[in-house]
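Summary of the model geometry
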Amino acid sequence: MLRPDDYTQAALDAEFHVQVGIDRVVLPSKVFGEAIVEGRVARVFRGDPALLGSNISFEVSCIREDASIPPSGVSWQIAEELERAVAIEAYLNRNGSGGYAVARWQSFLLDAVTDTPARLITEADLDLA
């Protein structure tokens with residue numbers, strides 16, 4: 001298991017903080033796994049502003065609604081909720097193949113794209129104790 005600060009630090013270190021209007025979600029065939037989220041970048045809160053309006057795809061860890069969550073440090077999205085989501089806010093990094101990867105599961109489902117971050121993670125969120 002990871003410490004809460006590990007997730008926070010991953011968001012702080014991420015190259016991008018964006019909101020994406022979801023066009024398509026491809027769920028894994030298994031009870032849990034990686035869904036592919038495809039959409040258009042609607043907001044860029046951190047990173048290259050040229051990303052705005054770009055088509056993008058990345059994987060999101062998800063689990064079926066009625067499944068037992070396996071012990072791990074994964075912060076799962078509920079597959080059925082992901083499939084219905086209109087938008088997603090995510091902290092992303094570039095991956096080795098020229099695409100994008102969510103920084104330590106730091107993605108959040110939204111009912112709509114917003115003008116300001118729905119989940120702004122700052123250094124104040126670190127537990128400095």
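Residues numbered from 1 in each chain as written. Predicted model: local features only at pLDDT ≥ 70, side-chain atom pairs only at ≥ 80, totals over all residues. Heavy atoms only, no water.

Thoughts on the overall build of the chain
For the chain, the helix and strand inventory stands at two helices and six strands. Reading the chain from its N terminus to its C terminus gives the helix and strand order α-β-β-β-β-α-β-β. The C-alpha atoms of the chain give a radius of gyration of 14 Å, which matches the 14 Å a tight globule of 129 residues would have. Its C-alpha atoms give the chain principal-axis dimensions of about 40 × 35 × 30 Å. Relative to its full complement of 129 residues, the chain shows a buried share of 40%. (Helix = DSSP H or I, 4+ residues; strand = E, 2+ residues; numbered from the N terminus. Rg over C-alpha atoms; globule rule 2.2 N^0.38 Å. Buried < 20%, exposed > 50% of the residue type's maximum accessible area, 1.4 Å probe, protein only.)

Quick word on the sheet that holds strand E5 (residues 87–94)
One open sheet holds the six strands; their spatial order is E4-E3-E2-E1-E5-E6, and the pairing between them is mixed. Looking along the sheet, the strands with just one partner apiece sit at the ends: strand E4 (77–78) and strand E6 (100–110). Relative to E6, E5 runs antiparallel, the two sharing seven bridges. Paired with Leu 92 across the two strands is Val 102, which belongs to E6. (Pairing = 2+ DSSP bridges.)

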